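Letter by letter, the chains look like this.
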Amino acid sequence: MFSCKTSPEVGGMGHSVKRKEDARFLHGKGNYTDDVKLPGMLHMVMVRSPYAYAKILSIDKEKALAIDGVLAVITGEDLAQYNLHWMPTLLSDSQMVLPTDTVMHQSQEVCAVIATDRYIAVDGAEAVDVQYEPMQAVVNPFKALDEDAPLLRPDKEGQKDNHIYHWERGDKAKTDAAIAAADVVVKERIHLPRIHVASIETCGVVASYDKDTEKMLIYLTSQAPHAIRTILALVAGHVGLSEEKIRIIAPDIGGGFGGKVPVYPGYVVAIAASFLIGKPVKWIEDRSENLVNGFARDYHMDCELAATKDGKIQAFKVSTLADHGYTDSSANPSKYPTGMFSICTGSYDYEHAFAELDAVYTNKAPGGVAYRCSFRVTEAVHAIERMVDKLAAEIGKDPALLRFENFIKKEQFPYASPLGWSYDSGDYKATLEKAMEMVGYDEYKKEQAEKRAQGKLMGIGICTFTEVVGAGPSKDFDILGIAMFDSAEIRVHPTGKALARFGTKSQGQGHETTYAQILAEELGIPYTDIEIDEGDTDTAPYGLGTYASRSTPTAGAAAAIAARKLRDKGKKIAAHLLEVSEDDIEWEVGKYFVKGAPEKSKTIQDVAFAAYTNFPPGMEPGFEATHYYDPPNLTFPNGAYICVVEVDEETGAIDVKRFVAIDDCGNIINPMIVEGQVHGGLTQGIAPAMYEGIVYDDEGNVLNGTLMDYLVPTAVESPHWETGHTITPSPHHPLGAKGVAESPTVGAPPAIANAIIDALYPLGIKHLDIPITPDKVWDAIQKAKAEA
Amino acid sequence: MAKHKVTMTINGASVSAEVDSRLLLVHFIRENLDMTGTHIGCDTSSCGACTILIDGKSVKSCTYLAVRADGANITTIEGIAADGTNHPLQKAFHDQHGLHCGFCTPGMIMRSIELLETNPNPTEKEIRWGISGNLCRCTGYNNIVKSVQQAAEEMSKEKEATV
């Protein structure tokens with residue numbers, strides 16, 4: 001299935017070579033932010049608000065400062081002297097670095113204690129006496145727009161209520177008309193609750209300002225170090241932090257998943273503290289700070305799907321209320337406040353669609369970051385995939401058959417979706433057929449009929465999703481104005497070994513291996529001879545970072561094109577060495593040879609050596625190339641997932657019997673790594689589907705802010721995943737690749753939800769919001785029985 | 001803060017230090033001894049990233065005071081194989097792609113050492129339950145299970161060979 005152009009020793013695309021980065025992690029020699037220890041380093045701990053909404057009456061630092069080892073207590077008033085108490089969010093809203101008068105959510109940073117030791121810093125934080133006047137918090141987003149709701153952001157000019165923005169796309173009138181005229185319309189309000197990525201490493205920073213060189217060195221848990229450097233220069237330029245003086249190093253990162261894209265207030269305070277004190281300052285979040293101060297999802301989606309009585313889909317409409325907390329800090333491209341949510345029309349061919357969204361402020365933590373998915377794609381896919389299943393149930397049609405009858409056909413690509421995307425490629429039919437064959441769909445259908453006859457609850461759930469990843473193109477996509485391209489810089493040394501640097505940053509995806517494989521594929525230099533370096537803004541070329549499955553679509557493409565530039569230069573050198581015209585030189589992986597005389601050849605290593613020792617007269621010496629890749633389109637990975645469950649009617653317990661995931665991510669660089677990414681994404685799919693959700697009470701208190709009660713799946717909850725592929729290359733990507741790591745997080749929740757609801761359908765249960773927990777199932781069963 | 005003298009063996013070397021009563025063993029290892037392979041992922045003993053061996057038993061060192069370890073024999077990820085070599089679990093995690101970001105890996109391996117010590121031929125279910133005190137957010141656990149299976153097999157063979 002994975003055809004390889006290179007030998008296993010060269011290790012180009014398609015080889016499951018073992019990862020080059022493993023050794024240091026396996027021996028405890030990784031270098032994560034909390035491992036960084038600098039001479040004279042101070043430690044910072046945050047004092048946080050116990051209230052969701054309160055006025056700060058006073059902050060008494062005295063007792064804290066009296067503790068031996070506590071050096072400073074930094075408040076919003078202190079930062080206000082430098083105009084650093086507020087910062088812009090990625091979507092040009094504003095977020096407090098530290099408050100001067102009001103706290104807007106529970107656990108918000110109130111002030112920071114700097115001490116010589118982390119234990120003493122904690123003592124200091126305990127000793128700070130903050131007096132609050134609590135106010136009635138706005139917790140329910142549906143009440144945020146009530147007339148008597150308090151105005152949460154009076155600081156914003158012209159802000160009259162708690163409405164942040166309205167967004168819409170599509171033709172409302174035509175969609176409404178199609179829905180009104182349809183034979184069948186299914187409706188549902190679907191909530192995707194707040195969840196948190198909960199990477200096992202929390203967020204943190206070590207900031208070290210050198211007053212003599214005026215250099216600010218920052219070790220940061222960042223998926224996007226270059227963009228953060230620019231933002232920092234823009235925000236703190238007025239106090240003297242100039243971009244060339246800022247060096248951000250994103251060292252090894254213990255999982256990102258989107259949670260390490262934003263700038264958190266703690267980063268800014270630590271940087272400011274180091275700047276003011278002139279010593280290194282470390283701040284590492286504890287787990288509760290991590291879980292409570294950011295989020296993904298929180299969309300309430302009112303969906304309507306219209307179809308003929310035979311199940312031909314005609315129109316889809318979705319109206320969403322988004323709870324953004326007290327500021328819109330969604331990590332989305334500027335022109336896309338709802339991210340790629342308009343992918344919500346799914347894998348199906350129909351004409352009419354309309355999507356709209358209203359975002360509101362509440363007294364909750366800001367966030368709106370991803371949870372291992374491209375900007376808001378999970379919400380979109382959940383909406384359409386639940387609704388397609390609901391339609392199938394409503395008209396009594398097999399959900400697989402309904403999907404086959406509505407799929408965009410292979411020959412329709414590039415496909416213009418009703419909400420404006422140009423899907424690049426796919427073979428949805430083949431992908432679903434493969435999943436059905438692998439799971440044994442027909443047999444399970446029979447087994448289900450038998451079990452139902454015995455009164456047992458068994459369900460089969462399908463999800464056939466289309467993702468949209470790999471932003472740019474830069475004409476449409478930017479972060480705070482910075483175009484979303486990415487970069488690769490290759491240096492081939494005289495001995496034919498290479499160093500390549502990228503604007504992205506791996507957080508476990510295996511870039512040190514896969515990028516080397518791309519270069520091995522393009523240049524024929526063994527992947528073991530190629531060092532990969534990312535994450536240091538002083539050395540790596542500028543790029544927008546790793547999130548939204550964009551590394552392979554953008555930086556991977558940049559690597560291929562930069563390598564091809566080198567190959568072109570190499571051809572001239574080879575012609576010079578072989579004393580023939582450049583037109584007579586041909587390339588096969590790893591070597592140039594004379595057309596018709598393959599025995600006359602020069603290897604890429606020969607050519608690299610000659611580039612420094614014996615290059616053609618007039619040629620620029622050296623063997624280096626750089627490329628900044630601005631993609632012409634996004635890529636559209638897709639897949640077909642099937643889940644089989646049994647539900648215990650007595651207890652509500654859910655047993656996932658099988659889960660088959662067929663992904664089409666285009667051409668594959670390293671099948672082992674792709675499979676690993678799919679496994680991980682699937683577990684981060686079952687997590688929100690069955691376990692995770694940040695729960696607030698009416699006062700805005702978070703009720704499950706630790707890993708004791710925020711249920712990250714263990715090996716016991718995580719099923720045995722079965723994976724496979726279809727391969728439909730992206731026609732516009734230089735390698736035909738698409739990106740994969742987030743597809744499973746997008747595709748798994750609806751497959752699981754559809755399976756559980758299918759199991760419960762005989763009882764009359766037609767929808768449940770995720771997380772679908774045993775107690776939720778049990779409640780639904782009791783209610784259904786009472787109604788029956 | 002009261003100070004206490006502690007002496008323990010860490011990875012075969014004897015270590016003595018004066019420590020605060022409240023100092024956690026994980027901080028003693030990471031901060032005082034500069035061995036940063038043992039990680040911290042939570043503060044509720046939930047994630048297992050800080051797992052080490054104390055007298056052969058896997059222990060979450062974030063919930064263990066340094067003073068309590070006085071006299072103990074401790075092994076961390078840095079001490080399970082001689083420099084330049086791999087413990088069968090390290091080899092297996094590499095072979096089976098049992099790690100992505102690497103943050104949970106030391107804890108997973110330390111836990112798995114005791115698991116295989118007490119149950120040299122575990123079933124898949126026993127492995128899954130055996131590592132259920134250790135969270136991984138990247139891998140989905142399938143390949144971690146396979147890694148432990150591979151190591152179990154290799155360690156059994158090694159044992160047979162030495163008998």
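Okay, so let's go over this structure. (Residues numbered from 1 in each chain as written. Chains lettered and ligands numbered in written order. Predicted model: local features only at pLDDT ≥ 70, side-chain atom pairs only at ≥ 80, totals over all residues. Heavy atoms only, no water.)

With respect to helix H6 (residues 225–236) of chain A
All names here are of chain A.
So, step 1. The first and last C-alpha atoms of H6 sit 16 Å apart over 12 residues, in line with the 16 Å expected at 1.5 Å per residue.
So, step 2. Of the positions making up H6, those classed as buried are Pro225, His226, Ala227, Ile228, Arg229, Thr230, Ile231, Leu232, Ala233, Val235 and Ala236.
So, step 3. Buried residues along H6 sit in contact with strand S4 (86–88), strand S12 (215–220), strand S13 (246–249), helix H7 (265–277), strand S22 (482–483) and strand S24 (498–502). (Helix = DSSP H or I, 4+ residues; strand = E, 2+ residues; numbered from the N terminus. Expected span 1.5 Å × (residues − 1). Buried < 20%, exposed > 50% of the residue type's maximum accessible area, 1.4 Å probe, protein only. Contact = heavy atoms within 4.5 Å.)

Topic: unusual backbone geometry
So, step 1. Geometrically, the link from Ala471(A) to Gly472(A) is a cis peptide bond, its omega value of 10° lying close to zero.
So, step 2. By the secondary structure assignment, Gly472(A) is in the loop between strand S20 (457–466) and strand S21 (478–479).
So, step 3. The omega torsion across Ile770(A) and Pro771(A) is -5°, close enough to zero to call that bond cis.
So, step 4. Note that Pro771(A) resides in the loop between helix H17 (743–760) and helix H18 (774–787).
So, step 5. Positive phi values are uncommon outside glycine, yet Arg372(A) reaches one of about 50°.
So, step 6. For Arg372(A), the position within the fold is in the loop between strand S17 (352–360) and helix H9 (377–395).
So, step 7. A positive phi angle, near 50°, is found at Asp55(B), a position not held by glycine.

Thoughts on the sheet that holds strand S30 (residues 638–647) of chain A
Residues and elements named next belong to chain A.
So, step 1. Ordered by their spatial adjacency, 4 strands build an open sheet running S20-S30-S31-S32, and the pairing between neighbours is mixed. Each edge of the sheet is formed by a strand with only one pairing partner; in this case those strands are S20 and strand S32 (722–725). Going from strand to strand, the sheet's axes swing by 15° on average, the running direction of each strand aside.
So, step 2. Of the pairings in the sheet, the one linking S20 to S30 comprises 10 bridges and is antiparallel in character. Counted as the bridge partner of threonine 466 is asparagine 638 from S30. (Pairing = 2+ DSSP bridges. Axes fitted to C-alpha atoms, helices over the stretch in contact; angles between N-to-C directions.)

Some points on the packing of helix H13 (residues 511–523) of chain A against helix H14 (residues 551–578) of chain A
All names here are of chain A.
So, step 1. Viewed as axis vectors pointing N to C, H13 and H14 meet at an angle of 35°, and their least axial separation amounts to 9 Å. Viewed along their axes, H13 and H14 form a crossing whose handedness is right-handed. In this structure, H13 uses His511, Tyr515, Ile518, Leu519, Glu522 and Leu523 to contact H14, whose residues at the interface are Ser551, Ala555, Gly556, Ala559, Ala560, Ala563, Arg564, Leu566 and Arg567. (Left-handed = near helix turned anticlockwise from the far one by under 90°.)

Purely spatial values, then, with no claim about function.
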